[in-house]
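Below are the chains, spelled out letter by letter.
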Amino acid sequence: MAEWREQRRARASIERARRRLLGVDKLHLACGGNLLEGWGNVDLSGDDSVIALDLTLPLPVSDGVIRFVYSEHFIEHLDFDEVRRFLSECFRVMVSGGVIRLSTPDLRKVVDEYLAKRLDEWRDVGWLPATACRLVNEGLRSWGHKFVYDADELRKLLEDVGFVQVTAVAWRESAHPELSGLECRPFHGELVVEACSL
């Protein structure tokens, strides 16, 4: 009986999200408290302005209707296969020529800080590992991280699901005005990429 109720709640949540996403052409996925005006701000939970949705499930959006997708510090919280499914869903819902922008911790940055034995890069956000070894282990496993990408791995994954023109871009900068100035976290060498749908 409890399982049936949970399935019913999940279906109702998906249907609410589907209705709220009708007519939306920009998705801000895993928005947290950073709500973007004019975007469909989606997260697992939040206040009434957030569209509640489990992003490991298919997006309740028709094929080929979304122009822009943005997500900051989310994909590292999913395992590799979940990210492949998530990006495949993003690709499916995007118009031809649509653009996805992802910001995520960069494995290379963590490794560079480890090799240089610099432990204070993230002091301003309250993370000060005790040793270089702990920096790597905490950077890859803390905060619910499951898989941290480098540029090559993320590019390959985006291309594997169909995206083209995968490009590393500067933090808070984009050739697309809709994608400029979006990152809300302090910059610490994150990997920021944009890619186009066909």
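Keep in mind it's a predicted model, so treat the numbers as computed, not measured. (Residues numbered from 1 in each chain as written. Predicted model: local features only at pLDDT ≥ 70, side-chain atom pairs only at ≥ 80, totals over all residues. Heavy atoms only, no water.)

## Observations regarding the overall build of the protein chain
Quick note on the threshold: Numbering goes from the N terminus for both helices and strands, where a helix is a DSSP run of H or I of at least four residues and a strand is a run of E of at least two. C-alpha atoms define the radius of gyration, and 2.2 Å times the number of residues to the power 0.38 defines the globule rule. Residues are treated as being in contact if the distance between any of their heavy atoms lies within 4.5 Å. Computed with a 1.4 Å probe, the accessible areas rest on the Shrake-Rupley method; for each residue, only the protein chains presented here act as cover. The sign given to each residue is positive for Lys and Arg and negative for Asp and Glu; His and the chain ends receive no count. By convention, charge coordinates are those of NZ in Lys, CZ in Arg, CG in Asp, or CD in Glu.
A tally of helices and strands in the protein chain yields 5 helices and 7 strands. Starting at the N terminus, the α and β elements of the protein chain follow one another as α-β-β-β-β-α-β-α-α-α-β-β. Against the compact-globule benchmark of 16 Å for 198 residues, the protein chain has a radius of gyration of 17 Å, which places it among compact chains. In terms of overall dimensions, the protein chain has a C-alpha envelope of 50 × 45 × 30 Å along the principal axes. In the protein chain, the proportion of contacts linking residues at least 24 apart, taken out of those at least 6 apart, comes to 68%. Carbon and sulfur atoms form 51% of the exposed surface of the protein chain, whose accessible area is close to 10,500 Å². For the protein chain, the distance from the average site of its 26 positive side-chain charges to the average site of its 33 negative ones is 4 Å.

## So, unusual backbone geometry
Positive phi, normally seen in glycine, also occurs at His-73, with a value near 50 degrees. One non-glycine residue with positive phi stands out, namely Lys-117, at about 55 degrees. One can find Lys-117 in the loop between helix H3 (107-115) and helix H4 (132-141).

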